[in-house]
Each structure stands twice: as structure tokens, then as C-alpha cells.
Amino acid sequence: MHPRARSTTIGLAFSMAAVLALGGPAQATTFVDPTFGTDGSVTTDFGGTSDQVIVMAVQPDGKILVGGTSSPTASTQTSIVKIVRYDADGTVDTTFASQGQLTISYPGESYATIDSMAVQLNGRILVSTRAFSWTQGYFAAVSRLMPDGTLDPNFSGDGKIAGWFGQIGVQSNGRILVFGAKVDNSQQGLVAFHPNGSIDHTFGRDGFAKTPSPGGETLFRLDLLSVSPSDRILLGGNYGSALAAAEVTRNGFLRTGFGDHGLATLDPGGYQTLAYDVGPGLDGGVVVGGSSQDSVPKPRVEGDLVRFTNTGAPDAGFGTGGLVRRTVPAYTGVVSFATDANGRTVVGLQNSSPNRDFLLARYGLDGSLDQSFGDMGVINAQLGTNGGSVWPVVIQPDGNILAAGWLSNGSDQDFAVVRFLLT
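The sections below set out a description of the structure shown in this document. (Residues numbered from 1 in each chain as written. Predicted model: local features only at pLDDT ≥ 70, side-chain atom pairs only at ≥ 80, totals over all residues. Heavy atoms only, no water.)

1. Considerations on the overall build of the protein
Scanning the protein for helices and strands turns up 1 helix and 27 strands. In the protein, buried positions account for 57% of the 423 residues. Total accessible area computed for the protein in this model is approximately 16600 Å², and 52% of it derives from carbon and sulfur atoms. (Helix = DSSP H or I, 4+ residues; strand = E, 2+ residues; numbered from the N terminus. Buried < 20%, exposed > 50% of the residue type's maximum accessible area, 1.4 Å probe, protein only. Areas by Shrake-Rupley, 256 points an atom, 1.4 Å probe, with all protein chains shown as cover.)

Here you go:
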């Protein structure tokens, strides 16, 4: 039930110099902002054994919101959702909720998680959470918080749209988009809500967008959403072994002329393909990041980054035929990415090595590693006592990068946010 995310969240075969940078002593701590938190990072320990950030959002005032899960003990299969807000310098904002922390839990011994979080222009915070309990079943809600962390009573009557969960986006007119489903599976897809939480029946067909529905493929799954400041609505996911994308107009209809009947696909050549993030690309294109498995010479997971043109065709000017696929042992999966003002793509990379680190890379417009970024295109920041891992990545207006995930203190995992100086 762990979300695939932006959010959130690689097997990279770089040049030999880059491989040496990954395998050798950590040099990247020189890129960490020493004025942020403690020596560039901030951690929050909730007293459990496993705390990890899944989603992150930056408010217009620069404050940083992170949400994730916290498990009380290693022996129990339960978790709660935690949301923390930090000031721009990494200190906990004690004006939010209870001393900077908000807890969202569900009845019974349940496994709860957070799928998405978005901040509206008025400072209100939208959050999608869900849970499963063996004794009480499934729960879900899209909630809206006031800037102080309390439920907004003007949203759906009690601050929550019960039963819905999924990826959240906000359009410039205040319309709220949720790409997901009702917990009882009675409805699913891209649905629009008015700012007050009622369904916006002017969007698409009676509030629901038409999305691609190709036949003949049982492994078709679109579940990622990106809404850009210009109101581009992008969807991402999988179609068989291919990474897939679609675009919906701001009024809720498939964009004509994109891909094959509204769906763009590119098969990276592996199997068990998973998409983790989708976002706008160069000149109206679309980027999808994820992972797939390769069986040669032995099974391993590789990170994939694909870019489509504004017509949905693989972008021949990016990587090899629109695909960047690299492999280095122990580095698996493009779990998140963000595109900067110059069109370069910063990716957060899942790290499965025993001594996990915060791992980032940046690609130029042509899909090659940007040698001006970090150590020859890569930042490999060893920050925790026993490693850590990155999930969501956000580029701030000043061009610097926030990366969040978890760091180990030697006995358990804690929420972690790191700021990297790139300007």
C-alpha cells in the first residue's frame, strides 16, 4: 500500500568518472547548505522505528511541508501519518498543528499512508491519506487544513472528502483535481472538486475527465498526476512493460493529437516496469520517471527516464530515442524528479546499497549527465549514521534543491530534509 509518488520518488551507468564518484568517498557534502538545519539537514524522530517522508510541498512563503509514515515498533504492522512543517531555514515551525507536527491516524490497528499533498494559493493544505485495518477494513479521505494545521470547516462540511484518495493537483482557478478512486472502488479516475469540496460538474463529463482506456492490456495503470502552474494536466503510469503518459485539457478532456488515442508509451526494454513520477518536459513535452528490471546478465532493477514530445512521440533528442536508462549496482529507480528553469532534470534516485545515501543526478536537455552538477553530474551525500534514502525532490525558486526521505540515527529511521546549494 506504499504509494508511488512524486509524488517521492536508480540504476545509473554513468561515465567511468561518474561511477568512481558514486563508489568512492562521499564528496557531495560540500554541496549541502550549512545554514539549513544542522549542517545542511534536518531530521525529526517520532520515537518509532521507521519514519520516512513520502511527499513534500513548499508554501509560497518558503515554509516546507513534509508528510510520511511512522511505525511505532518493528514488530507491529501498523503505521500513522505524520506531517511536519519547517521554516525556510529548517527549524520546526511550532505555529503548525501541535508544536509543528500533525498526526493522522485511523481506527483500529491500521497501516496508514499518505498519497499526496498540495498547497493552495491561499495557504490551505490539501492532503490525501488512506489506511487498511484487518478488523475494520479500508479508510480514505482527502482533507484540507488551515495554515495552522487544523481542519478547514469550509471544506466539504467537516474538512474532509471521505472515501476518496489519490494524487492531488490544484488549478489556477482554485479547482481541485484528485486522480485516484473511492475506497470502495465505486468510482475512479480524474475527478474535479470546487474549492468548497463539492464535485465540479463542469469538468469533463459530470466532474470526471475522460482518460485513456486501451484494450487488450491487463497491465495498464495510470495513477500519477502533475498540474503545472500553466494548468497543464499530465497523467503518468504504465502500459504493460512501457512507461506511459497522457494529457488532459484544463476542462477535463483528453488532448487531441497526443500519442495514440491520447496515450504516449515507451518501452525501456525490461519487465516489471513501474512509473514513479510525471511532469512537464521541454517545449510542451512530458517526462516520466520510473524503473524496470533487466535479466542480463542477472536480474537487476534499472532506473528509467523517458521524455515525450508535445505530440506524444518519444523525443529523439533525449537520451537514446527518448530514453535514459543506466545501470550501476545497488542504485535502482528514478523515484522523483523536478525540472529547473533551464529545462534540466534533477532526479532523486533510490539507493539499495547497504550504506544508503541521498543520491541525486541532473540531466541536460539532451539526456546526458550535466557535468556542472555536483561531482560530474551526481550528488552522493552520506549524511546519516547508517545511511538514508531520498524520495521527493523540489527545486526552489532560487534554483537550490530540497530533497526529503529518511536518515538513520543508528537505531531507527527518521524524517529527513536536506537542502543542496546549486547556485
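2. Things to note about the side chain of Ser128
By the element assignment, Ser128 lies in strand β7 (residues 125-133). A polar contact is formed between the side chain of Ser128 and the backbone nitrogen of Gly166, at a distance of 2.9 Å. Those residues within four positions of Ser128 in sequence are excluded, and the remaining contacts are Thr113, Ile114, Asp115, Ser116, Ala141, Val142, Phe165, Gly166 and Ile168. (Polar contact = N/O pair within 3.5 Å; in protein donor to acceptor, adjacent residues only side chain to side chain. Contact = heavy atoms within 4.5 Å.)

3. A short note on the nonpolar core
In terms of nonpolar packing, the biggest core is built from 21 residues, with Ile83, Met117 and Val127 touching the most fellow members. Of all the secondary-structure elements, those providing two or more residues to this core are β2 (50-58), β4 (80-86), β5 (101-104), β6 (110-119), β7 and β8 (137-145). Setting aside anything within four residues of it in sequence, one finds Met117 in contact with Val55, Met56, Ala57, Leu65, Val66, Gly67, Ile83, Ile125, Leu126 and Val127. Ranked by size, the runner-up nonpolar core spans 16 residues in total, among them Phe31, Val32, Ile379 and Ala416. (Core = buried A, V, L, I, M, F, W, Y, C linked by side-chain atoms within 4.5 Å.)

4. Description of the sheet that holds strand β11 (residues 176-182)
Taken in spatial order, the 3 strands make up an open sheet running β10-β11-β12, and their pairing is antiparallel. One side of each edge strand has no neighbouring strand; the edge strands of this open sheet are β10 (164-170) and β12 (188-193). Adjacent strand axes in the sheet meet at a mean angle of 25°, parallel and antiparallel pairs treated alike. Strand direction decides the pairing type here: β11 and β12, joined by 6 bridges, are antiparallel. Paired with Gly180 across the strands is Gly189, a residue of β12. (Pairing = 2+ DSSP bridges. Axes fitted to C-alpha atoms, helices over the stretch in contact; angles between N-to-C directions.)

5. As for the environment of Pro34
With respect to the helices, strands and loops of the structure, Pro34 is situated in the loop between α1 (16-23) and β1 (41-44). We classify Pro34 as exposed; its relative accessible area is 54%. Non-local contacts of Pro34, meaning those with residues more than four positions away in its chain, are made with Asp39, Gly40 and Leu421.

6. Concerning the pattern of salt bridges
The full count for this structure, using the stated rule, is 18 salt bridges. When the shortest N-O distance is used, the salt bridge between Asp152 and Arg144 registers 2.9 Å. A salt bridge links Glu247 to Arg255, with the nearest nitrogen and oxygen atoms 2.8 Å apart. For Glu247, a relative accessible area of 8% translates into the label buried. Relative accessible area serves as the criterion here: at 23%, Arg255 is assigned to the partly exposed category. (Salt bridge = Lys/Arg side-chain N within 4 Å of Asp/Glu carboxyl O.)

7. Remarks on the pairing of strand β13 (residues 220-227)
Sheet analysis places β13 next to strand β14 (residues 233-239), joined by 7 bridges and oriented antiparallel. Paired with Leu222 across the strands is Gly237, a residue of β14. Counted along the chain from β13 to the antiparallel partner β14, the turn is 5 residues long, and its residue Asp231 has a positive phi close to 75°.

8. As for the environment of Leu263
As for its position among the elements, Leu263 is in the loop between β15 (242-248) and β16 (264-266). Considered as a pair, Leu263 and Gly236 are 27 residues apart in the sequence and their alpha carbons are 9.5 Å apart.

9. Structural notes on the packing of aromatic side chains
Across all of its chains, the model carries 7 aromatic pairs by this definition. Judged by centre distance (4.8 Å) and plane angle (85°), the rings of Phe46 and Phe415 are edge-to-face. Residue Phe46 is found in the loop between β1 and β2, and its partner Phe415 is found in strand β27 (residues 413-420); the two are separated by 369 residues along the sequence. With respect to class, Phe46 is no different from Phe415; both count as buried. Centre to centre, the rings of Trp164 and Phe193 are 6.3 Å apart; their planes meet at 80°, and the pair counts as edge-to-face. Of the two residues, Trp164 is situated in strand β10 and Phe193 in strand β12; the sequence distance between them amounts to 29 residues. Accessibility assignment for this pair places Trp164 and Phe193 in one class, buried. Within the aromatic cluster, the residues linked to one another by ring pairs are Phe132, Trp134 and Tyr138. (Phe/Tyr/Trp six-rings, centres within 6.5 Å; stacked < 30°, edge-to-face > 60°.)

10. Structural notes on unusual backbone geometry
With a phi close to 65°, Asn185 is a non-glycine residue in the positive phi region. Classification of Asn185 as exposed rests on a relative accessible area of 59%. Located in the positive-phi region is Asp283, a residue other than glycine, with phi close to 55°. Within the fold, Asp283 resides in the loop between β17 (271-280) and β18 (286-294). According to the relative accessible area criterion, Asp283 is exposed, its value standing at 64%.

In short, geometric facts, not functional conclusions.
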